[in-house]
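Working through the structure, step by step
Below, each chain spelled out in residue letters.
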Amino acid sequence: MHIFYSDKTRLRQARTELHDGVLVAPFECPERVDLVLKQLQQAAVGELFEPRAFGLEPVLAVHDADYVNFLADCWHEWVAAGHEGEAIPNIWPARTLRGDRIPRVVSAKLGYYALAAETSISEGTFEAAMASKDVALGAVEQTLATGEPSFGLCRPPGHHAAFDQFGGYCFFNNAAIAAQRALASGKRRVAILDVDFHHGNGTQQIFYERDDVLFISLHGDPEVTFPYYSGYADETGRGSGEGFNTNYPLPPGTTVDTWMATLDNALARIKEAQCDMLIVSLGVDIFEGDPISAFTFTSGDFSLLGQRLTQAGLPTVLLMEGGYAVDDIGINVVNVLQGFKQGI
Ligand code: OKP
Ligand code: ZN
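Residues numbered from 1 in each chain as written. Chains lettered and ligands numbered in written order. Predicted model: local features only at pLDDT ≥ 70, side-chain atom pairs only at ≥ 80, totals over all residues.

Overview of the overall build of the protein
Within the protein, the secondary structure is distributed over 10 helices and 10 strands. By the compact-globule yardstick of 20 Å for 344 residues, the protein fits well, its C-alpha radius of gyration being 19 Å. Per-residue burial over the protein gives 52% buried out of 344 residues. Long-range pairs, those at least 24 residues apart, make up 77% of the contacts in the protein between residues at least 6 apart in sequence. (Helix = DSSP H or I, 4+ residues; strand = E, 2+ residues; numbered from the N terminus. Rg over C-alpha atoms; globule rule 2.2 N^0.38 Å. Buried ≥ 20, exposed ≤ 12 C-beta atoms within 10 Å, placed from the backbone. Contact = placed C-beta atoms within 7 Å.)

As structure tokens, then:
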């Protein structure tokens, strides 16, 4: 297993997350990567690599250029405007307002480019997001070259980031950027399997009208779970993308047995669609101890998950998404990767 990691992902050190009406210390914190890295090294899961800098070109292959510029400039504009705290959106082009023009001032641009308010933009956020997508690109490049599995310890995560929107702790869609890269280097159809507790609305949106990326997600039912406005079973793709998007919303408290049976259906669809690469959006917030999620995985169950993923029989890249039970995040990730190694 090739493991990709960058110290620069620590450059995001946000102090505030709007949670239940209170500004709290963000759940998505730099300690997450420290602890995963520590456990990966302790368990000697694989060789560690620092990715090179891939620049903006692979980002612009899936994201809007004005959005990327906004992310690059946001913090500086926020500071120049004399604002006190971190940059948090508080006005949107909601359904009764105009969404057809891009506003000029940073406070308004925040709402235009945000899909949720919990995720503040702080000094270093853009640089960390750049490092995170480089981690994903390093991992996919390695797997493309060797056929062997890679793990990218991405942070911040990516699957909520859409073509021109951030939120849910995500800025650049690392999995989408990696998938696009795989297609550019000759893969014909990439499967993105999203096992994070939350629906990967951003990945779905980016590839919704395309048949060269199959997006499949198992997640908490959006009726009662973030991101609420996406992730229902009737979202199946559009145009030539029809049939290449599959959502499995599952109720809070779903057992591991039910979850695994659903995963088998997802793997069968990946086979049927004749994909030639697998990218796993690996959120370990399906853990029973996760502070913001509601599935029931034990640490041991993650080994089974890793093993099961090998049944796709494809070159595989696993990319870190969520997971907020920091005391257990390291062992949970290690178990997935060790399970995967056992399976192949
Ligand atoms: C990011 B990823 C908790 C509500 C949820 C945002 C969750 C973002 C999850 N009060 N807030 O998918 O792990
Ligand atoms: Zn999540």
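From this point, things continue past the structure.
Observations concerning the site of ligand 1
In the vicinity of ligand 1, 15 residues are found, and the nearest of them are G168, H198, F226, I292 and G322. Here the shell around ligand 1 is composed, by residue class, of four nonpolar, six polar and five charged. (Near = placed C-beta within 6 Å. Nonpolar A, V, L, I, M, F, W, Y, C, P; charged D, E, K, R; others polar.)

So, the sheet that holds strand β1 (residues 2-4)
The eight strands lie next to each other as β4-β1-β5-β10-β9-β6-β7-β8, forming an open sheet whose pairing is parallel. The sheet terminates laterally at β4 (47-49) and β8 (245-250), the two strands that pair on one side only. Averaged over neighbouring strand pairs, the angle between their axes works out to 15° when direction is ignored. Two strands pair when backbone bridges link them, and strand β5 (residues 150-152) and strand β10 (residues 316-320) are joined in this way by three bridges, in the parallel orientation. (Pairing = 2+ DSSP bridges. Axes fitted to C-alpha atoms, helices over the stretch in contact; angles between N-to-C directions.)

So, the pairing of strand β9 (residues 277-282)
For β9, the buried fraction is high: six of the six residues fall into the buried class. Along β9, one buried face is formed by M277, I279 and S281 and the opposite face, lined by L278, V280 and L282, is buried too. Where strand β6 (residues 190-194) lies against β9, five bridges are found, and the strand directions are parallel. Residue pairing in the sheet places I192 in a bridge with I279 of β9. With five bridges joining them, β9 and β10 adopt parallel strand pairing. Each bridged residue has a counterpart across the sheet, and for V280 the counterpart in β10 is L318.

Side note on the UniProt feature "domain: Histone deacetylase" (unreviewed entry) in the protein
Here, UniProt's "domain: Histone deacetylase" (unreviewed entry) annotation points to residues 28-336. Regarding residues 28-336, the helix share stands at 38% and the strand share at 12%, and the terminal C-alpha atoms are separated by 20 Å. (UniProt positions renumbered as here; feature names shortened; annotations may be inferred.)

Topic: the packing of helix α3 (residues 65-80) against helix α4 (residues 106-113)
It is at 10 Å that the axes of α3 and α4 come closest, and there the two elements cross at 145°. In the crossing of α3 with α4, the sense of the turn from one axis to the other is left-handed. Here α3 contributes Y67, F70, C74, E77 and W78 to the contact with α4, which in turn contributes V106, K109 and Y113. Here the residues of the contact of α3 with α4 are counted per class, giving six nonpolar, no polar and two charged. (Left-handed = near helix turned anticlockwise from the far one by under 90°.)

A short note on α4
Residues V106, K109, L110 and Y113 constitute the buried set of α4. End-on view of α4: buried residues confined to an arc of 110°, all on one side of the axis. At its buried positions, α4 is contacted by α3. (Arc of directions from axis to C-beta.)

Examining the environment of P149
Mapped onto the elements of the fold, P149 is located in the loop between α5 (125-146) and β5. The class for P149 is buried, based on 25 C-beta atoms found within 10 Å. Taking the C-alpha atoms as reference points, P149 and H2, 147 residues apart in sequence, are found 6.6 Å from one another. Those residues in contact with P149 that lie beyond four places of it in its chain are M1, T143, T316 and F340.

Let's talk about the environment of G237
Note on placement: G237 falls in the loop between β7 (213-220) and β8. By the C-beta count within 10 Å, which is 19 here, G237 ends up partly exposed. In the structure, G237 is positioned 95 residues away from N332 in sequence and 32 Å away in space, judged by C-alpha atoms. Residues in contact with G237, not counting those within four places in the same chain, are Y208, E242, G243, F244 and N245.

So, the nonpolar core
Judged by nonpolar contacts, the single largest core of 94 residues is most densely connected at A136, L153, A178, I270, L278, I279 and L319. With 10 residues, α5 is the single largest residue contributor to this core. If we skip the residues at most four places from it in the chain, L278 touches A191, L193, I270, A312, L314 and T316. (Core = buried A, V, L, I, M, F, W, Y, C linked by C-beta atoms within 7 Å.)

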